[in-house]
Amino acid sequence: RGLVANRDLVVARSFCLNLTQAYPQDVEIWMMRGSLHFQLGELDSVVECVQHVIILDGQNAGAYLSLGLAQQGLMRTSEAELAYRDALRIHPGYKQALVQLVSLLMAQKRLAETQSLLDSAIVVTPQDALLHYNLGLVLIGLDQGEDALRAFERAADLNPSLAEGHYQLGLLHFRKDEYNA
């Protein structure tokens, strides 16, 4: 950890390689090695490390998230999606996996699927302003302005300092007034 703190990542990677050879069943060492590969931009090596972790511990949601991030970085969006979904299957409230999956689906314009995913997440964590905000964005894309307005209002109520939510709320009100004029 000291090598990582000093940003000597290449030496730390070599050290972790030796540790994984000495302790091949240690999940934490494999995850640390994968993290070092990630920081060095060695995404194929990240995939190898986290796949090893998944073999050791198939219920490690963090490994699936790391796998998804690496696969997405390698432009393997189908594999990334599966990894994020596995992370959420293991840990349904895993915010990072949810955010990555929502982002991936939105980029692919799979808005109805994204809406369903966000609706489910809001049931689990109804006080999360960002979930409501992202739902509002999806609803705009689905041309459901009134529902989007309610989602942005809820986001603003939950987090008054969420500037993006207020902006979208104002924009929708402006468009609504312009349409009614």
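Residues numbered from 1 in each chain as written. Predicted model: local features only at pLDDT ≥ 70, side-chain atom pairs only at ≥ 80, totals over all residues. Heavy atoms only, no water.

J.: What exactly am I supposed to notice about the environment of Leu139 here?
T.: Following the sequence through the fold, Leu139 ends up in helix α9 (residues 129-141). Once the C-alpha coordinates of Leu139 and Gln115 are considered, the two residues, 24 residues apart in sequence, prove to be 7.4 Å apart. Not counting residues up to four positions away in its chain, the partners in contact with Leu139 are Gln115, Gln144, Asp147, Ala148 and Ala151. (Helix = DSSP H or I, 4+ residues; strand = E, 2+ residues; numbered from the N terminus. Contact = heavy atoms within 4.5 Å.)

J.: Whenever I open this one, helix α2 (residues 9-22) confuses me. Can you help?
T.: Structural remark: α-helix, 3.6 residues per turn; residues separated by three or four positions point the same way. When the terminal C-alpha atoms of α2 are compared, their 20 Å separation across 14 residues agrees well with the 20 Å that a helix rising 1.5 Å per residue should span. Those residues of α2 that sit buried are Leu9, Ala12, Cys16 and Thr20. The arc that holds the buried residues of α2, viewed along the axis, is 75°, so those residues lie on one side. Within α2, the exposed residues directed more than 90 degrees away from the buried face are Gln21 and Ala22. (Expected span 1.5 Å × (residues − 1). Buried < 20%, exposed > 50% of the residue type's maximum accessible area, 1.4 Å probe, protein only. Arc of directions from axis to C-beta.)

J.: How should I be thinking about the packing of aromatic side chains in this particular structure?
T.: To describe a pair of aromatic rings, one takes the distance between the centres and the angle between the planes. One pass over the full model with this rule turns up one aromatic pair. Ring geometry for Tyr133 and Phe152: centres 5.6 Å apart, planes at 55°, overall tilted. Linking Tyr133 in helix α9 with Phe152 in helix α10 (residues 145-158), this pair joins segments that are 19 residues apart in sequence. Phe152 matches Tyr133 in its accessibility class, with the two residues each being buried. (Phe/Tyr/Trp six-rings, centres within 6.5 Å; stacked < 30°, edge-to-face > 60°.)

J.: Would you take a moment to explain the layout of surface pockets for this structure?
T.: Rolled over the atoms, a probe sized like a water molecule indicates the empty space that remains. Within this model, the largest pocket holds a volume of roughly 210 Å³. Listing elements by their share of the lining of the largest pocket, those giving two or more residues are α7 (95-107) and α8 (111-124). (1 Å grid on protein atoms, 1.4 Å probe; cavity = no way out; pocket = protein on both sides within 12 Å on 5 of 7 lines; lining within 4 Å. Points joined across faces, edges and corners; volume = space filled by probe spheres on them.)

J.: I'm lost on the nonpolar core in this one. Help?
T.: Nonpolar side chains in soluble globular proteins generally cluster together in the buried interior. Tyr94 and Leu98 are the most contacted members of the largest nonpolar core, which has 47 residues in total. Those elements that place two or more of their residues in this core are α4 (43-56), α5 (61-73), α6 (77-90), α7, α8, α9, α10 and α11 (163-180). The element contributing the most residues to this core is α4, with seven residues. Not counting the four nearest positions on each side in its chain, Leu98 is found in contact with Leu88, Leu117, Ala121 and Leu131. (Core = buried A, V, L, I, M, F, W, Y, C linked by side-chain atoms within 4.5 Å.)

These figures capture arrangement, not role.
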